[in-house]
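One letter stands for each residue in the lines below.
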Amino acid sequence: MQQDEILARLTEIFRKTFDDDRLTVTHDMTAADVEAWDSLSHINLILAVERAFEIRLTTREVRAMKNVGDFVGLIAKKAA
């Protein structure tokens, strides 16, 4: 799966999770860039990504991510 495809799918998931159809997701985006991104929405986001990509993320993997680019890379690795 290509990183551009992953980012496009993530954008849809982010928009649904944060209820914002105008949200633009970039590789450099962090939780600080999204006003509604709190601990509960973070859990919902992780669960939605796991369902959408049919993968499982460990707590260690989730904690190691610093931005969406890390998320994309991890999804690409897990989905391969």
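Refer to the preceding data block for the structure.
The text that follows walks through the structure, step by step, so that each part is easy to find. Predicted, not measured: the structure shown is a model, and the values here were computed from it. Sequence order as written defines residue numbering, which begins from 1 separately in each chain. At least 70 in pLDDT is required for a residue's local features to be given in this predicted model, at least 80 for side-chain atom pairs to be given and counted, and no such filter applies to totals for whole chains, interfaces and linings, which use all residues. With hydrogens and water excluded, all non-hydrogen atoms of the structure serve as input to the side-chain values.

The backbone of Asp19 shows a phi angle near 50°, a positive value even though the residue is not glycine. A helix here means a DSSP run of H or I that spans at least four residues, while a strand means a run of E at least two residues long, and both kinds are numbered starting from the N terminus. Residue placement: Asp19 occurs in the loop between helix H1 (3-17) and helix H2 (39-53). Note on classification: 1.4 Å probe, protein chains only; a residue is buried when its accessible area is under 20% of the maximum for its type, exposed when over 50%, partly exposed between these limits. Judged by its relative accessible area of 72%, Asp19 is exposed. In this structure, Glu54 takes a positive phi of about 55° despite not being glycine. Relative to the helices and strands, Glu54 resides in the loop between H2 and helix H3 (59-64). On the basis of relative accessibility, which here comes to 74%, the residue Glu54 falls in the exposed class.

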